[in-house]
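The residues making up each chain are set out below.
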Amino acid sequence: MSATTVDPRLLRAFLAVAEELHFTRAAARLYVAQQALSRDIRRLERLLGADLFVRTTRQVALTPDGERLVPYARRVLDAHDGLLAAFGQARPLLVDLNSPGLTTGRRVLLRARELAPGQELMARYESGLTGAAVDLLAGRLDASFGRFAGLAPSLRAGLDQQPVRYEPMAVLLPERHPLAPSAAVPLDALAGETVYAGAGNPRTPEWTDLAHRLFEERGIRVAPPRPLAVGEEEFQRLMARTRHPVLAVVGFPALPGTVLRPLVDPVPLSPVSLVWRKGLAHPGIAALRRASAELAAAEGWLRQPAGGWIPALDADVMNPGDDTARADADRR
C-alpha cells in the first residue's frame, strides 16, 4: 500500500501525539480510546515505512522521520479542511475567548454565529493570547483575541490578525479604596500604588508588558508574581488578601467588594485583534472576520478617543503603514 492512500484521520492522530508527546493525553484530545490511537499510529507507520515515535515506559519522542512529517501533515490537513469547507462540510471551529469577563470576543463570536448559522463555532475560556498562540500554531485551537503586538516575533510569524478594537482600560478597586468614590481615575492618581497586571502568568505576558509600558515613568508599580488564581472565587480571595488594584478593561465585570473605574488622562487603550493560524481556510474564520469588521464599524471600536494612549509598537500593528498613528502614539 502506498503513502498516497493515507487517511487524514491517521495524520490527525499523528499530530495529536506529536504535539502532546503523550498517548493518553492525545487520545483524550481526540475523544478516542488509547488502544485505537496506538493502532492508527502503527498503521500510519506501516503505510509510510518509517518509525515515527520512540516509545519507552517513561516518555514518547519523535524520531527524525516523525519530525520531518510534522509540517507535511499540517499542510495536508489544512488543505483537507479547506476542501471540506468549500463544499459546506467544515469541521467545528474552536475559538478562545480568554475569560468570561471579556465582552469583545464574545460579541464577535455571537455575531459570527448569526452570519454563519450552518457552522459550529465553539467557545472556550482558557488562556491569554500568548497561551492561545501556542495552541493556534499547533492546530489545537483555531482563533483567539488579544494584543497581537505583545506576542513574541516567533509566534507572530505563523499567525494572521485583524484589528478589532481599541478597548479602554480601567482599574478594579477594593470598594474601600480612597479612589473608589471617583467616577473615573486619572492615571497619575495611581502614582505610588502597586497594581496587579498578571505578572508571572505564562499565558498573559502580553498584558503584563502593556502594563509596564503604561506605568513606566508614572511611579506606578506592577505587582510581583502571585500564584495563578483560576476562577472568580479564587481571584476575589487573592485580591482581598493583597488589596492591590487590578488593571482591567471597561467591560470587565466588577466583583463583589470591588468597583470598576475607567482610567483617564490619558485614556489607555488595550489593542484587541482577531488572531488565527496562517493558511487556515475555514468559513468560520471568514464569519469571525466579517463580524469583527461589522461591529468595529457600528460601534466605532477602531476610532481612538481624544487623549487615547497606546504604545508605538501597537500602533504599527493596528495601523500598518500609518505614520500619523505611530507618531501620535510616540508622543503620548
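See the structure above.
Note that the coordinates shown come from a computational prediction; the quantities given were computed from them, not determined experimentally.

Peer 1: Any chance you could explain the environment of Leu102 here in plain terms?
Peer 2: As for its position among the elements, Leu102 is in the loop between strand E3 (93–96) and helix H5 (103–115). Under the relative-accessibility criterion, Leu102 is labelled partly exposed at 26%. Taking C-alpha positions, Leu102 is 8.1 Å from Val249, a pair spaced 147 residues apart along the chain. Aside from chain neighbours lying at most four places away, what touches Leu102 is Leu97, Val249 and Phe252.

Peer 1: Help me understand the packing of H5 against helix H10 (residues 283–299) in this model?
Peer 2: Two packed helices can be described by the angle between their axes and the distance between those axes. Contact geometry for H5 and H10: axes closest at 8 Å, N-to-C directions at 120°. With respect to each other, H5 and H10 are oriented oblique. Crossing of H5 over H10 shows right-handed handedness. Here Arg107, Val108, Leu109, Arg111, Ala112 and Leu115 of H5 lie close against H10, whose contacting residues are Ala287, Leu288, Arg290, Ala291, Ser292, Glu294, Leu295 and Glu299.

Peer 1: Hey, could you run me through the side chain of Glu19 in this one?
Peer 2: Along the polypeptide, Glu19 turns up in helix H1 (residues 8–20). Here the side chain of Glu19 touches Arg74 through a polar contact of 3.3 Å, side chain to side chain.

Peer 1: Is there a simple way to explain the packing of aromatic side chains in this structure?
Peer 2: The geometry of two aromatic rings is summed up by the distance between their centres and the angle between their planes. On inspection of all chains with the given rule, the structure shows two aromatic pairs. The interplanar angle of 45° and the centroid separation of 5.6 Å between the aromatic rings of Phe14 and Phe53 together place this pair among those described as tilted. One end of the pair, Phe14, is in helix H1; the other, Phe53, is in strand E1 (residues 53–55), and 39 residues separate them in sequence. Ring geometry for Phe23 and Phe53: centres 6.2 Å apart, planes at 70°, overall edge-to-face. You can see Phe23 sitting in helix H2 (residues 23–30) and its partner Phe53 sitting in strand E1, a full 30 residues away along the chain. Assessed through its relative accessible area of 9%, Phe23 is described here as buried. Accessibility expressed as a relative area gives 4% for Phe53, which makes it buried. Following the ring pairs from residue to residue traces out a cluster consisting of Phe14, Phe23 and Phe53.

Peer 1: Sorry if this is basic, but what is going on with the packing of H1 against helix H3 (residues 34–48) here?
Peer 2: Remark: H1 packs on H3, axes separated minimally by 9 Å, with the N-to-C direction vectors making an angle of 110°. Judged on the interaxial angle alone, H3 and H1 are roughly perpendicular. As for how H1 packs across H3, the hand of that crossing is left-handed. Contact residues: H1 offers Arg9, Leu10, Leu11, Ala13, Phe14 and Val17, while H3 offers Leu37, Asp40, Ile41, Arg43, Leu44 and Leu47. For the contact of H1 with H3, the per-class residue count stands at nine nonpolar, no polar and three charged.

Peer 1: Please clarify how the pairing of strand E6 (residues 159–174) should be interpreted in this entry.
Peer 2: In regular strands, side chains alternate between the two faces of the sheet. With 13 of its 16 residues buried, E6 lies for the most part within the structure. Bridging between E6 and strand E12 (residues 267–277) involves nine bridges; their strand directions are antiparallel. Within the sheet, the bridge partner assigned to Arg165 lies in E12 and is Val272. With four bridges joining them, E6 and strand E10 (residues 246–249) adopt antiparallel strand pairing. The residue of E10 that forms the bridge with Leu172 is Val246. As defined by bridge partners, E6 adjoins strand E11 (residues 258–264) across five bridges and the pair is classed as antiparallel. Bridged to Leu172 within E11 is Leu260.

Peer 1: Help me understand the environment of Glu126 in this model?
Peer 2: Relative to the helices and strands, Glu126 resides in the loop between strand E4 (121–124) and helix H6 (129–138). Among the residues examined, Glu126 registers a relative accessible area of 40% and is labelled partly exposed. For the pair Glu126 and Ser99, spaced 27 residues apart in sequence, the C-alpha to C-alpha distance is 6.6 Å. Setting aside residues up to four positions removed in sequence, Glu126 forms contacts with Asp96, Asn98 and Arg203.

Peer 1: What should I look at first to understand unusual backbone geometry in this one?
Peer 2: What you tend to see is this: most non-glycine residues have negative phi, and most peptide bonds are trans. With omega at 0°, the peptide bond leading from Asp265 into Pro266 counts as cis. Along the polypeptide, Pro266 turns up in the loop between E11 and E12. Despite not being glycine, Asn98 has its phi angle at roughly 70°, a positive value. Among the structural elements, Asn98 can be located in the loop between E3 and H5. Of the residues examined, Asn98 reaches a relative accessible area of 17% and is grouped as buried. The topology assignment puts Asp265 in the loop between E11 and E12.

Parameters at a glance
Residues numbered from 1 in each chain as written. Predicted model: local features only at pLDDT ≥ 70, side-chain atom pairs only at ≥ 80, totals over all residues. Heavy atoms only, no water. Helix = DSSP H or I, 4+ residues; strand = E, 2+ residues; numbered from the N terminus. Buried < 20%, exposed > 50% of the residue type's maximum accessible area, 1.4 Å probe, protein only. Contact = heavy atoms within 4.5 Å. Axes fitted to C-alpha atoms, helices over the stretch in contact; angles between N-to-C directions. Parallel < 35°, antiparallel > 145°, perpendicular 65-115°, else oblique. Left-handed = near helix turned anticlockwise from the far one by under 90°. Polar contact = N/O pair within 3.5 Å; in protein donor to acceptor, adjacent residues only side chain to side chain. Phe/Tyr/Trp six-rings, centres within 6.5 Å; stacked < 30°, edge-to-face > 60°. Nonpolar A, V, L, I, M, F, W, Y, C, P; charged D, E, K, R; others polar. Pairing = 2+ DSSP bridges.

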